[in-house]
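A closer look at the structure
One letter stands for each residue in the lines below.
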Amino acid sequence: MATKAKRHTQRGSRHSKKNMRTKIDITEIDSYLEDVRQDERTGGPMEIKTDEQLFFTDKVEEPAAPVVQRVSRKQRLAGKSLYCEDNIPSQSKTAPVRSNKKAVEKKVATGLRKEVTPAPEPTRAVKRPAPVDVWAPESEEEKEEPDEWVPQQPKLKPPPTAGNPLPAARPAPMLDTSASYNPTADAHAAALAAALEKERKRTERDRMYARRAPKHISAAERSRLILEELDVGAGEGIEVDEADGALPAGGKPTRAEDRKTKAQRSREKRQKEEQAAAAERKAKAVAEHDVFRLRSLRKEIVEDESRAEQRQAERAAKPAKRPRLGPHKDPDRAPNFLLTDELVGSLRQLTPQGNVAYDFMDNLFRKNIVEPRRPVALRRKYKLKTYTKRSFKNFDLQEQIKADRKAKAKAKSKA
């Protein structure tokens, strides 16, 4: 059974200032000092203060509570106008109907019309706001000045082709006559020739990549090839002195004809200096000549500018192309074809070739409606490995061994 090791706490010296602060309880001293500071802030301890300093007589009368009058909801809303009425401008062009009071009084006197009690006049006239044009441009007074402390959104400059309409998409290519189930001989031969040429180019490309790829050979074969390369040309073109029978340390024979004398070295040095001086004089002459041919240079510049303008005009005259979506090109599908012995005269016996979904997507790629992409393989996720350190593998066993050693040492000391 493993025994739990006792934990030894370190005890520092009580004389050091650090241990005095941490080991000694000074709560009472701190509370006493805090009371002394409070007395100093309030003008001294309470024992030495007089009654006038400790107490005072409140002679200010409290104000009476205001009387709250209850108002009904109808009374509160009587003089208010609705929010929707305030926003509706008064744009009525029809004049109000005026009543003829004299004719009404005459009819009432003769008994032809009943007397109508006039409606009570409204106590508060509802103010209608002036008509507001919501779509009118903002005036300079209404424009708010930008705050210098708030970062402003930078104004992006639109490209010059922002307002130009996009050109029409390319139409889908029409199928060749060789795609028929019963094509003509010439169309079928042309389709087979195109498929053969495409397959030949693909085979050549694969062979080129195979030649460039590194070859995997065994270690014995690699060592044999290295030895053969080292043995090729060994001992050829080397003159061996018959008297000595040995080569010099560098591996090449030293001959007196190959050594240059001091005169030869100085002559080569003078030739290099003369060549450098001649090149410098030639560059200086070309620069001086350019100064005197300013008219011809100006004429060349004008011609270059005219050619550039002509190219720009030709580029503008060409119909605009629809921009290509994405960095990838349209996928190059394998051509669909049938061999001569596979052709049948009936549509029911025809073996279907190709894929309708692929053809539909290829047409969208050609029209630049959908961005062509390449399939990306999923990355393999490896399982997370866990391991245990060597020091933690046999923890209980190590503790048992330590306890046994301590027991043996204790028994030896007692003996």
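About the criteria used
Residues numbered from 1 in each chain as written. Predicted model: local features only at pLDDT ≥ 70, side-chain atom pairs only at ≥ 80, totals over all residues. Heavy atoms only, no water. Helix = DSSP H or I, 4+ residues; strand = E, 2+ residues; numbered from the N terminus. Buried < 20%, exposed > 50% of the residue type's maximum accessible area, 1.4 Å probe, protein only. Contact = heavy atoms within 4.5 Å. Areas by Shrake-Rupley, 256 points an atom, 1.4 Å probe, with all protein chains shown as cover. Patch = residues over 30% accessible without salt bridge, like charges linked within 9 Å, V, L, I, M, F, W, Y side chains within 5 Å. Salt bridge = Lys/Arg side-chain N within 4 Å of Asp/Glu carboxyl O. Phe/Tyr/Trp six-rings, centres within 6.5 Å; stacked < 30°, edge-to-face > 60°. Lys NZ or Arg CZ within 6 Å of the ring centre and 35° of its normal. Expected span 1.5 Å × (residues − 1). Lys, Arg positive; Asp, Glu negative; His and termini not counted. Charge placed at Lys NZ, Arg CZ, Asp CG, Glu CD. Polar contact = N/O pair within 3.5 Å; in protein donor to acceptor, adjacent residues only side chain to side chain. pLDDT = per-residue confidence, 0-100.

**Points about the overall build of the chain**
- Across its full length, the chain holds 13 helices and zero strands.
- A total of 415 residues make up the chain; the buried ones form 4% of that total.
- Sequence separation of 24 or more characterises 68% of the internal contacts of the chain that already satisfy a separation of 6 or more.
- On the chain, roughly 42,600 Å² of surface is accessible, and the fraction owed to carbon and sulfur atoms is 55%.

**Some points on a nonpolar patch on the surface**
- On the surface, a nonpolar cluster with roughly 440 Å² of combined accessible area is contributed by Ile 26, Ile 29, Tyr 32, Leu 33 and Val 36.
- Looking at Val 36, the relative accessible area reads 31%, which means it is partly exposed.

**A short note on the packing of aromatic side chains**
- One pass over the full model with this rule turns up zero aromatic pairs.
- The residue whose ring lies beneath Arg 333 is Tyr 358, and the NZ or CZ to ring-centre distance is 4.5 Å.

**Focus on helix 2 (residues 27–41)**
- For helix 2, with 15 residues, the first-to-last C-alpha span of 21 Å sits near the 21 Å given by 1.5 Å per residue.
- Directly beyond the C-terminal end of helix 2, a positive phi value near 100° is found at Gly 43.

**Overview of a positive patch on the surface**
- Taken together, the side chains of Lys 402, Arg 405, Lys 406, Lys 408 and Lys 412 present a region of like positive charge at the surface.
- Mapping Lys 402 onto the fold places it in helix 13 (residues 395–414).

**Comments concerning the side chain of His 188**
- Relative to the assigned elements, His 188 resides in helix 7 (residues 185–212).
- Take His 188: its relative accessible area is 9%, and that puts it in the buried class.
- His 188 has contacts with Ser 178, Pro 183, Leu 338, Leu 339, Thr 340 and Leu 343, leaving out every residue within four places of it along the chain.

**Regarding the side chain of Asp 362**
- Note that Asp 362 resides in helix 11 (residues 356–366).
- Overall, Asp 362 belongs to the buried group, its relative accessible area being 6%.
- With sequence-adjacent residues up to four places away left out, Asp 362 is seen in contact with Pro 331 and Arg 333.

**Regarding unusual backbone geometry**
- Of note in this structure, Asn 368 is not a glycine but carries a positive phi near 60°.
- By secondary structure assignment, the location of Asn 368 is in the loop between helix 11 and helix 12 (390–393).
- Asn 368 gets classed as buried once you look at its relative accessible area, which sits at 13%.

**Quick look at the environment of Glu 228**
- Structurally, the position occupied by Glu 228 is in helix 8 (residues 219–231).
- A distance of 2.5 Å separates the side chain of Glu 228 from the side chain of Arg 224, its partner in a polar contact.

**Focus: the pattern of salt bridges**
- Counting across every chain of the model gives 13 salt bridges.
- Here Glu 371 ties to Arg 373 by a salt bridge, and the two come within 3.8 Å at their closest N and O atoms.
- Using a relative accessible area of 68% as the deciding quantity, one classes Arg 373 as exposed.

**A short note on the confidence of the model for the chain**
- For the chain, mean pLDDT is 76; residues scoring 70 or higher make up 73% of the total.
- Put simply, helix 1 (residues 17–23) is where the chain has its lowest mean pLDDT, 62, and helix 7 is where it has its highest, 90.
- Counting contacts from residues 237–249, a segment whose pLDDT is below 50, to residues more than four positions away or on other chains yields nine contacts.

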